[in-house]
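# Per-entry structural report
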Amino acid sequence: MASGKGTYQPDSDVHISFEDQQKINKFARLNAKADDIKDELKIKQNDIKNLEEAVEELALTDDSEKIPFLVGEVFICQSLEDTLKSLDDMKAKKQSEIRDLEIKCEELKSQMSDLKAHLYGKFGSHINLENEED
């Protein structure tokens, strides 16, 4: 039986050094952290959507009405103008948090890309570093 040179053999042994295992583990940790950040981004983007919808709803209210506004665990009544300002401040804070998370995510992707290049260069088709959902 002739052995095909260069053909993929799924049961072939690949030596993984301690340093390579450390890089694989680091890639896995970075990937998990990036997934967590993506989940957090979705939540914050949904929060912004909710704040925008609240502003739209308040456009239908009477200016003389006091608006109950949740602060912590307590509702306080404030004017429409103050409520709109509070919502705008909350939206600006969420947008800032989203920008920070996007920067962190890009930094993680950059580190992962470097590790991925090294690991694919060394192990080729013997390693899979791709997300199933991408």
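This is a predicted model, so every value here is computed, not measured.

### Some thoughts on the overall build of the chain
Summing up its helical and strand segments, the chain has two helices and two strands in all. Helices and strands in the chain line up, N terminus first, as α-β-β-α. When the 134 residues of the chain are sorted by exposure, 23% land in the buried category. If you take every contact in the chain between residues at least 6 apart in sequence, the share linking residues at least 24 apart comes to 64%.

### Digging into the confidence of the model for the chain
Considering every residue of the chain, the mean pLDDT works out to 87; 89% of them sit at 70 or more. The low-confidence segment residues 1-9 (pLDDT under 50) makes four contacts with residues lying over four places distant or belonging to another chain.

### Considerations on a positive patch on the surface
Where like charges cluster on the molecular surface, the positive patch consists of K26, R29, K33 and K104. Looking at the secondary structure, you find K33 in helix α1 (residues 18-58). Overall, K33 belongs to the partly exposed group, its relative accessible area being 48%.

### Section: the pairing of strand β2 (residues 74-78)
Of the strand pairs in this sheet, strand β1 (residues 67-71) and β2 are connected by five bridges, and their pairing is antiparallel. When the sheet's bridge partners are listed, I67 is paired in β2 with Q78. Taking the residues between adjacent antiparallel strands as the criterion, β1 and β2 are bridged by two residues, where G72 takes a positive phi near 70°.

### Overview of the packing of α1 against helix α2 (residues 80-123)
At a closest axis distance of 8 Å, the pairing of α1 and α2 adopts a crossing angle of 160°. Considered as vectors, α1 and α2 are oriented roughly antiparallel to each other. For the element pair α1 and α2, the recorded crossing hand is left-handed.

### Some points on the nonpolar core
In terms of nonpolar packing, the biggest core is built from 17 residues, with I37, L119 and I127 touching the most fellow members. Among the elements of the structure, α1 and α2 are those that each provide at least two residues to this core. Broken down by element, this core gets its largest block of residues, eight residues, from α2. Residue contacts for I37: discarding those within four places in its chain leaves L101, K104, C105 and L108. Of all hydrophobic cores here, the second largest spans six residues; its members include L58, I67, L80 and L87.

### Examining the pattern of salt bridges
What the rule picks out here adds up to seven salt bridges. Here D20 and K122 are joined by a salt bridge, their closest N and O atoms 2.7 Å apart. Placement of D20 in helix α1 and of K122 in helix α2 is noted, with a sequence separation of 102 residues between them. Judged by relative accessible area, D20 falls into the buried class, the value being 3%. We note a salt bridge from E97 to K94, for which the minimum N-O separation is 4.0 Å. Of the two residues, E97 and K94 are both situated in helix α2; the distance of three residues between them amounts to about one turn of the helix. Accessibility expressed as a relative area gives 23% for E97, which makes it partly exposed.

Here is what the cut-offs are and how they apply
- Residues numbered from 1 in each chain as written.
- Predicted model: local features only at pLDDT ≥ 70, side-chain atom pairs only at ≥ 80, totals over all residues.
- Heavy atoms only, no water.
- Helix = DSSP H or I, 4+ residues; strand = E, 2+ residues; numbered from the N terminus.
- Buried < 20%, exposed > 50% of the residue type's maximum accessible area, 1.4 Å probe, protein only.
- Contact = heavy atoms within 4.5 Å.
- pLDDT = per-residue confidence, 0-100.
- Patch = residues over 30% accessible without salt bridge, like charges linked within 9 Å, V, L, I, M, F, W, Y side chains within 5 Å.
- Areas by Shrake-Rupley, 256 points an atom, 1.4 Å probe, with all protein chains shown as cover.
- Salt bridge = Lys/Arg side-chain N within 4 Å of Asp/Glu carboxyl O.
- Lys, Arg positive; Asp, Glu negative; His and termini not counted.
- Charge placed at Lys NZ, Arg CZ, Asp CG, Glu CD.
- Pairing = 2+ DSSP bridges.
- Axes fitted to C-alpha atoms, helices over the stretch in contact; angles between N-to-C directions.
- Parallel < 35°, antiparallel > 145°, perpendicular 65-115°, else oblique.
- Left-handed = near helix turned anticlockwise from the far one by under 90°.
- Core = buried A, V, L, I, M, F, W, Y, C linked by side-chain atoms within 4.5 Å.

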